[in-house]
Amino acid sequence: MTKQVGQPEVDVDRLAKTYPGGTEAVRGISFKVRAGEVFGLLGPNGAGKSTTIGMLTTAIIPTAGRARLAGFDVTTQPIAARLISATVTQDPAVDRALTGRRNLQIHARLWGARAAGTRISQVTEAFGLGDILDRPVGSYSGGQRRRLEIARALLSRPRVLFLDEPTVGLDPRIRHELLDLIGGLAACGDTTVLLTTHYLDEAERLCGRVAIMHKGRIAGLDSPQALRRRLGDQIIEVRADGRPIGGPRGPARLRAGRRRRVHRRPDRHRPGPGRRGHPRAGRRHRSGPARRADQHQAAHPR
Ligand code: ADP
């Protein structure tokens, strides 16, 4: 299929999913992703990110609305939509008993990848898999397996790549290595990437634009920098017994004010009885000349 100028690569229009039992996981979301863009769905657990990816990858049937990949409707043209896309989910997708190379060869054959041998060499090199390619996948670390899964997804040269929580469960060093690889992939601009994450820094590092999902809805959509400006530049999370407190969950937790301080001067609002005789009791925080006058008075009492 030829690309039509101006047509979004991913076009989501009032898409909704209510699961049997009544959970409204996605409540009529709309967004468009341009060709070559890296777009993020950011939100806490339960926000509806995986359900959205599930519908876009044709694994979950929407209850309402529609979505198109490169012009193909995911509900009425699911095979065409799948042929131009690839997905890396949170579940392991490679055969642990086989070597990395064998996994790639089987996938290339199943997807009819053109010039499979050359393509396997390309993705293997790009993802630094050369040294481990002939080892069984069962012996790979979590990060190595994730790299293999992304490399495998790219074998068919997909126009749209879906990455569902690509770094979940990885230790910080491996996570940053993988982010560099995904960033490099994005910089090529050949593939449109739609990823989900619940890490703001990950979205900031990789994505041109981000949709913040909360309870099945899009609570904000913009560049990560613009969202951060709007939400404040500090994240304050208060926990008791390991659980967030105070009610607000998800995006509300990101709405910390600019440079807000969490500590409070004990004398600022409640001049306690023990401080009555203190020269600054009951006063607001004093600075500059007023403070110097206090200091002078303390050093030279009349
Ligand atoms: P996220 O990926 O943001 O963590 P999900 O899309 O997995 O969110 O889940 C959104 C909501 O849908 C949650 O309340 C979840 O419990 C519910 N949900 C997800 N999958 C199913 C399912 N198969 N059946 C019923 N409810 C589901």
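Residues numbered from 1 in each chain as written. Predicted model: local features only at pLDDT ≥ 70, side-chain atom pairs only at ≥ 80, totals over all residues.

Draft legend 1. How the structure looks around unusual backbone geometry. Phi is positive for Ala70, which is not a glycine, with a value near 45°. Position of Ala70 relative to the elements: it lies in the loop between β4 (64-69) and β5 (72-73). When the 23 C-beta atoms within 10 Å are taken as the criterion, Ala70 is described as buried. For Lys215, which is not a glycine, the phi torsion comes out positive at approximately 50°. If you trace the backbone, Lys215 turns up in the loop between β9 (209-214) and β10 (217-222). For Lys215, a count of 17 C-beta atoms within 10 Å translates into the label partly exposed. (Helix = DSSP H or I, 4+ residues; strand = E, 2+ residues; numbered from the N terminus. Buried ≥ 20, exposed ≤ 12 C-beta atoms within 10 Å, placed from the backbone.)

Draft legend 2. Structural view of the sheet that holds strand β2 (residues 24-33). Overall, antiparallel pairing links the four strands, which are arranged β2-β1-β4-β5 in an open sheet. With one partner strand each, in any of the chains shown, β2 and β5 form the two edges of the open sheet. Across two bridges, the pairing between β4 and β5 is antiparallel. Note that in β5 the partner of Arg68 across the bridge is Asp73. (Pairing = 2+ DSSP bridges.)

Draft legend 3. Expanded view of the packing of helix α3 (residues 100-110) against helix α4 (residues 116-126). Direction vectors running N to C along α3 and α4 enclose 130°, while the axes themselves pass 10 Å from each other. The angle between α3 and α4 places the two elements in the oblique class. Both α3 and α4 take part in a crossing whose hand is right-handed. Residue-level contacts link Leu104, Gln105, Ala108 and Arg109 of α3 to Ala116, Arg119 and Ile120 of α4. Taken together, the residues of the contact of α3 with α4 sort by class into four nonpolar, one polar and two charged. (Axes fitted to C-alpha atoms, helices over the stretch in contact; angles between N-to-C directions. Parallel < 35°, antiparallel > 145°, perpendicular 65-115°, else oblique. Left-handed = near helix turned anticlockwise from the far one by under 90°. Contact = placed C-beta atoms within 7 Å. Nonpolar A, V, L, I, M, F, W, Y, C, P; charged D, E, K, R; others polar.)

Draft legend 4. Up close: the sheet that holds strand β8 (residues 192-197). With respect to topology, six strands assemble into an open sheet ordered β6-β7-β8-β3-β9-β10, the strand pairing being mixed. Two strands lie at the open edges of the sheet, namely β6 (85-88) and β10, each paired on one side alone. On average, each strand axis in the sheet is inclined to that of its neighbour by 15°, with strand direction left out of account. Where strand β3 (residues 38-42) meets β9, four bridges bridge the pair, whose relative direction is parallel. Along β9, the bridge assignment pairs Gly40 with Val210. Each of β6 and β7 (160-164) is contacted by helix α5 (residues 142-154), which is oriented at about 170° to β6, the strand it contacts most.

Draft legend 5. Representation of the site of the ligand within the structure. The environment of the ligand is made up of Tyr19, Gly21, Thr23, Ala25, Gly43, Asn45, Gly46, Ala47, Gly48, Lys49, Ser50 and Thr51. Ranked by the residues each element gives to the shell around the ligand, the list is headed by helix α1 (residues 49-56), at three residues. Classifying every residue of the shell around the ligand gives three nonpolar, eight polar and one charged. (Near = placed C-beta within 6 Å.)

Draft legend 6. A look at the pairing of β4. As defined by bridge partners, strand β1 (residues 10-18) adjoins β4 across five bridges and the pair is classed as antiparallel. Each residue of the ladder has a partner; that of Asp11, found in β4, is Arg68. Linking two consecutive strands that pair antiparallel, namely β4 and β5, is a turn of two residues; a positive phi of about 45° is found at Ala70 within it.

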